[in-house]
Amino acid sequence: MEITSITISILALSISTAVAIWGWRRHRNIYDVERFLFFRKNQIDKSNNNNELRKKLNSGHYTILHTSEYGDCIELILGKIKK
């Protein structure tokens, strides 16, 4: 009985380790960089680009590389990733 439970736990550990290593080794190359301004107040944002930023980030094709203050806005550097 103990041998069976030890065998199952070793098998589960090896499978989870293999899945973790496979996910870690997957390459994500950045092939496009964009500068984006995130407005804190909606009345300042006439072009409604906060919704555009939300759509880009929710698509899964962009990631935030860097953030910094830029006046009353937050400057975001977005990178388009190749999966």
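Predicted, not measured: the structure shown is a model, and the values here were computed from it.

A. Seen up close, the packing of aromatic side chains. In total, this model carries 0 aromatic pairs according to the counting rule given. Above the ring of Tyr-62, the side-chain terminus of Lys-56 is found at 5.2 Å from the ring centroid.

B. Highlighting the nonpolar core. With 5 residues, the main nonpolar core is built from Phe-36, Leu-53, Tyr-62, Leu-76 and Leu-78. Each residue touching Leu-53, except ones within four places of it in the same chain, is listed here: Phe-36, Phe-38, Leu-76 and Leu-78.

C. Fine view of the environment of Ile-74. With respect to the helices and strands, Ile-74 occurs in strand E3 (residues 73–82). As for Ile-74 and Phe-39, which are separated by 35 residues in sequence, their C-alpha atoms are 6.7 Å apart.

D. Spotlight on the pattern of salt bridges. In total, this model carries 3 salt bridges according to the counting rule given. Salt-bridge contacts for Glu-52 lead to Lys-56; the nearest nitrogen and oxygen are separated by 4.0 Å. Taken as a pair, Glu-52 and Lys-56 lie in helix H2 (residues 49–59) at a separation of 4 residues, close to a single helical turn. Classification of Glu-52 as partly exposed rests on a relative accessible area of 40%. For Lys-56, a relative accessible area of 16% corresponds to the buried category. Residues joined by salt bridges that share partners form a network here, namely Glu-34, Glu-52 and Lys-56.

About the criteria used
- Residues numbered from 1 in each chain as written.
- Predicted model: local features only at pLDDT ≥ 70, side-chain atom pairs only at ≥ 80, totals over all residues.
- Heavy atoms only, no water.
- Phe/Tyr/Trp six-rings, centres within 6.5 Å; stacked < 30°, edge-to-face > 60°.
- Lys NZ or Arg CZ within 6 Å of the ring centre and 35° of its normal.
- Core = buried A, V, L, I, M, F, W, Y, C linked by side-chain atoms within 4.5 Å.
- Buried < 20%, exposed > 50% of the residue type's maximum accessible area, 1.4 Å probe, protein only.
- Contact = heavy atoms within 4.5 Å.
- Helix = DSSP H or I, 4+ residues; strand = E, 2+ residues; numbered from the N terminus.
- Salt bridge = Lys/Arg side-chain N within 4 Å of Asp/Glu carboxyl O.

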